[in-house]
Each structure stands twice: as structure tokens, then as C-alpha cells.
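Architecture and fold: a report
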Amino acid sequence: GKESPPPAGTRAAVLGMQVMASLVFLSAALHKMFLGNGQFLAWIFSDSLRNLVTSQFFVMRAEMGPWMKWALTHEWAWKALAAGAISCQMLPSFGIFLLRWPWLRLLCGLAVVVEVMSLRIVMGIFPQQFILMAAVFVDWEYFTGWRRRNSDGTPALASSALARSRLVAGLVLFQAVAGVS
């Protein structure tokens, strides 16, 4: 028969977490989109990203990699990086509306990971706790088969509870290891 939707409370909790995770990045994107003089996308078409990255490497007293030197000496490249940063910051907010499309929602969540990793690569900062935010964009039941049913048609809850606890333990372990490095 037709599968019943998850309880409203469960759906509301997941959606609430997605909204909160999205707002972290969306606020940064909207600020950059209307930065300063109020001109739309002025941050992308300015030298802001190039200057920010250059000053960050100066403050960290770190050597800039050859690909970063190349990107900062080619105007189209740093503008493309700026556009990519804003795109990665906006994509999670679209995931809120993609509850029926798990693959698209997963891609929106992966934008969080791309943004955090780019902060590590480009800026030398690594707010790894943001990577865990991507987990709320994954339809775990869809991708892991937690919607299994017993022979009588009832949900197989025992196996899903065990799988979920293992997932949480894995995420906590990842956070602990990532926080140490």
C-alpha cells in the first residue's frame, strides 16, 4: 500500500533545522549581494574577495599556493570565485523547498560542505562544525532504506533506531576528529 508520511512533528523538526542552517549562509549571501552602496551583486564585481584573501594570507603569514596566486591575478577568476561563494551560500536555502526531491536537497546540503571547505582552502579558516549542518539536508530514510517494513506492513523501527544511533555516533566522532586537526 501507500506509505504514510512521517509525523508532522518529525517533519517540522527537520524543516526547522534546515531553515536555521540555511539562514546562517543566506544572511552572508544577501549581505554580499547588496553590500555597501546598495548595488546588486557589487561584491562579486569588486576587488573585495581578492583583497580579503590577500589580507588573510598576510595576517596568517602563510604562503599562498600557486593556484590561488593565479586566481588572484586573473580578474575573471576571482570574480568567478566570488560568484561561486554566493551560490554556495544561497543553495542551502533552496533545499528547504525540495522536501520531495531528496537528490536535489542533498546537492543543496553539499553546497554547505563546499563552502566550508573553500573557507579552509582559500581563507585558512575551518569552521568544521558547519559541515554537520549538511546532515539535515539528507533524506536519510530515502538513501539508507530506513523505510523498510516488516512482513505485516508495520514500520521496521528497531533497525532504523539502531542505524540512526550509529549515524549520530559517527557524526560525533567525525566532529571530534575534525576539531582536533
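Thresholds, definitions, all that
- Residue positions are given per chain, counted from 1 along the sequence in the order it is written.
- Side-chain atom pairs in this predicted model are given and counted only at pLDDT of 80 or more, local residue features only at pLDDT of at least 70, and totals for whole chains, interfaces and linings cover all residues.
- Calculation of side-chain values draws on the structure's entire complement of heavy atoms; hydrogens and water are dropped beforehand.
- Every helix listed is a DSSP run of H or I at least four residues long, and every strand listed is a run of E at least two residues long, numbered separately from the N terminus.
- Each residue's exposure class comes from its accessible area (1.4 Å probe, protein chains only) as a fraction of the maximum for that residue type: buried when under 20%, exposed when over 50%, partly exposed otherwise.
- Whether two residues are in contact is decided by their heavy atoms, any of which lying within 4.5 Å being enough.
- Using a 1.4 Å probe, the Shrake-Rupley method yields the accessible areas, and only the shown protein chains count as cover for residues.
- For salt bridges, the criterion is a side-chain nitrogen of Lys or Arg within 4 Å of an Asp or Glu carboxyl oxygen.
- Patch membership requires over 30% relative accessible area and the absence of a salt bridge. Like charges are linked within 9 Å, and nonpolar side chains (Val, Leu, Ile, Met, Phe, Trp, Tyr) within 5 Å.
- In predicted models, pLDDT denotes the confidence assigned by the predictor to each residue on a 0 to 100 scale.
- In the cavity and pocket records, a cavity denotes points on a 1 Å grid over the protein atoms alone where a 1.4 Å probe fits but cannot get out, a pocket denotes an open set with protein on both sides within 12 Å along at least 5 of 7 lines, and lining residues are residues with an atom within 4 Å of a point.
- Grid points are joined across faces, edges and corners, and a volume is the space filled by probe spheres set on the points.
- Pairing of aromatic side chains requires ring centres within 6.5 Å, counting the rings of Phe and Tyr and the six-membered ring of Trp. Pairs whose planes differ by under 30 degrees are stacked, by over 60 edge-to-face, and all others tilted.
- Note on criteria: charge over ring means Lys NZ or Arg CZ within 6 Å of the ring centre, with the direction from the centre no more than 35 degrees off the ring normal.
- Axis definition: a line fitted to C-alpha atoms, over the contacting stretch in the case of helices. Angles run 0 to 180 degrees between N-to-C directions.
- Just so you know the grouping, Ala, Val, Leu, Ile, Met, Phe, Trp, Tyr, Cys and Pro go in nonpolar, Asp, Glu, Lys and Arg go in charged, and all remaining residues, Gly too, go in polar.

**Focus: the overall build of the protein**
Along the protein, the regular secondary structure elements total 7 helices and 0 strands. Along the chain direction, N to C, the helices and strands of the protein fall in the order α-α-α-α-α-α-α. Here the protein, with 181 residues, has 32% of them falling under the buried criterion. At a minimum sequence separation of 6, the contacts of the protein that also span at least 24 residues come to 59%. Of the accessible surface of the protein, which amounts to about 11,200 Å², a share of 70% is contributed by carbon and sulfur atoms.

**Side note on the pattern of salt bridges**
By the definition in use, this model includes 4 salt bridges. Here Arg50 ties to Asp47 by a salt bridge, and the two come within 3.1 Å at their closest N and O atoms. The class for Asp47 is partly exposed, based on a relative accessible area of 32%. In this structure, Glu75 and Lys79 form a salt bridge, with 2.4 Å as the shortest nitrogen-oxygen distance. Of this pair, Glu75 and Lys79 are both found in helix H4 (residues 75-95), 4 residues apart, which corresponds to roughly one turn of the helix. Accessibility expressed as a relative area gives 42% for Glu75, which makes it partly exposed.

**Some words on a nonpolar patch on the surface**
Residues Trp101, Leu104, Leu107 and Leu110 make up a contiguous nonpolar surface patch of roughly 400 Å² in combined accessible area. Positionally, Trp101 belongs in the loop between H4 and helix H5 (102-123).

**Focus on the confidence of the model for the protein**
Low-pLDDT portions of the prediction should not be read for the details of their coordinates. Averaged over every residue, the pLDDT of the protein is 78; residues scoring 70 or more account for 72%. Averaged pLDDT values for the elements of the protein fall to 61 in helix H7 (residues 157-180) and rise to 91 in H4.

**Side note on the layout of surface pockets**
Approximately 260 Å³ is the volume attributed to the second largest pocket. Along its surface, the second largest pocket is lined by 16 residues, and Leu49, Ala85, Glu115, Ser118 and Leu119 are the ones closest to its centre. Of all the secondary-structure elements, those providing two or more residues to the lining of the second largest pocket are helix H2 (48-60), H4 and H5. When residues of the lining of the second largest pocket are assigned to their parent elements, the largest contribution, 6 residues, is made by H5.

**So, the packing of aromatic side chains**
This model, assessed by the stated rule, comprises 3 aromatic pairs. Their ring planes at 75 degrees and their centres at 5.6 Å tell us that Phe25 and Phe130 sit as a pair that is edge-to-face. Of this pair, Phe25 sits in helix H1 (residues 8-33) while Phe130 sits in the loop between H5 and helix H6 (140-144), and the two are 105 residues apart along the sequence. Measuring from centroid to centroid gives 5.6 Å for Trp70 and Trp76, while their planes differ by 80 degrees, and the two rings are edge-to-face. We classify Trp76 as exposed; its relative accessible area is 58%. The residue whose ring lies beneath Lys32 is Trp43, and the NZ or CZ to ring-centre distance is 4.8 Å. When the ring centre of Trp78 is taken as origin, the NZ or CZ atom of Arg50, which lies over that ring, is 4.4 Å away.

**Examining the packing of H2 against H5**
Axis separation between H2 and H5 bottoms out at 9 Å; the angle between their running directions is 65 degrees. Between H2 and H5, the residues in contact are Leu52, Val53, Gln56, Phe57 and Met60 and Ile121, Val122 and Met123, respectively. Residues belonging to the contact of H2 with H5 are distributed by class as follows: 7 nonpolar, 1 polar and no charged.

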